[in-house]
Amino acid sequence: MSESIQLTLAGEARMVAFGRLLADACQGYGTVYLQGNLGAGKTTLCRGVMRGFGYEGAVKSPTYTLVEPYEMEQASVYHFDLYRLGDPEELDFLGVRDYFDSPSLCLIEWPDRGKGFLPAADIILSIEYLPEARIVTVDPQTGHGRAICKTIADRQGMLAEEVC
């Protein structure tokens, strides 16, 4: 098995189902970089992660607040959106390093805008937009990332079952 895995996900329900699977695979901790153009499905994926931890409220992209914290019984999840970040140094002034010092799951949209001020990713998730589907590539960067990929690879057949 190659270290990276690639999935084709047709429809929003499958992206949410994949997010649930990702939540389970991460076991409540890690750093996930989310890459993809505007509208690719990064926030939809994050909604699926939150659903995987039992959160049923609204999940929106924290474009203006930079980070949205979700404190749940099973995990603390921090959803970052760095799209509007002017300079990576702003992250240091905002004290975001504190989010990475505790055992938590950090989902980071537009991580390239925080280069030099973010911890290394456990996995890099790249989402490619196609008119009828999304192609998601999961690229592990650490031992924890490889374990996440293995869990996803072992359970990817459940994605189709979950949305039926």
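Use the structure listed above.
If you're wondering where the values come from, they're calculated on a predicted model, not measured in any experiment.

K.L.:
Mind showing me how you'd approach the packing of aromatic side chains here?
P.N.:
Any two aromatic rings considered together are summarised by their centre-to-centre distance and by the angle between their planes. Evaluation of the coordinates by the stated rule reveals 5 aromatic pairs. Relative to Tyr99, the ring of Phe80 has its centre 5.6 Å away and its plane inclined at 90 degrees; by these criteria the two rings are edge-to-face. One end of the pair, Phe80, is in strand 4 (residues 76-81); the other, Tyr99, is in helix 4 (residues 97-100), with 19 residues separating them in the sequence. When the ring of Tyr83 is compared with that of Trp110, the centres are 4.9 Å apart and the planes differ by 55 degrees; the resulting orientation is tilted. Of this pair, Tyr83 sits in the loop between strand 4 and helix 3 (89-94) while Trp110 sits in the loop between strand 5 (105-109) and strand 6 (123-129), placing them 27 residues apart in sequence. Residue classification places Trp110 among the buried positions, given a relative accessible area of 15%. An aromatic cluster is defined as three or more aromatic residues linked by ring pairs; in this entry it consists of Tyr78, Phe80, Tyr99 and Phe100.

K.L.:
I would appreciate a short explanation of the pairing of strand 5 in the present structure.
P.N.:
Side-chain direction in a regular strand flips from residue to residue, so the side chains alternate between the two faces of the sheet. With respect to burial, strand 5 is a largely interior element, 5 of its 5 residues being buried. Residues of strand 5 alternate between two faces, with Leu105, Leu107 and Glu109 on one and Cys106 and Ile108 on the opposite face, all of them buried. In terms of strand pairing, strand 2 (residues 30-35) meets strand 5 through 5 bridges, oriented parallel. Bridged to Val32 within strand 5 is Leu107. Two elements, strand 4 and strand 5, share 5 bridges in a ladder whose sense is parallel. From the neighbouring strand, Asp81 faces strand 5, where its bridge partner is Glu109.

K.L.:
Looking at this structure, I do not really get the pairing of strand 3 (residues 67-71). What am I missing?
P.N.:
Direction of pairing for strand 3 relative to strand 4: antiparallel, over a ladder of 5 bridges. Paired with Tyr70 across the two strands is Val77, which belongs to strand 4. Remark: 4 residues form the turn of the hairpin made by strand 3 and strand 4, two consecutive strands paired antiparallel.

What counts and how
Residues numbered from 1 in each chain as written. Predicted model: local features only at pLDDT ≥ 70, side-chain atom pairs only at ≥ 80, totals over all residues. Heavy atoms only, no water. Phe/Tyr/Trp six-rings, centres within 6.5 Å; stacked < 30°, edge-to-face > 60°. Helix = DSSP H or I, 4+ residues; strand = E, 2+ residues; numbered from the N terminus. Buried < 20%, exposed > 50% of the residue type's maximum accessible area, 1.4 Å probe, protein only. Pairing = 2+ DSSP bridges.

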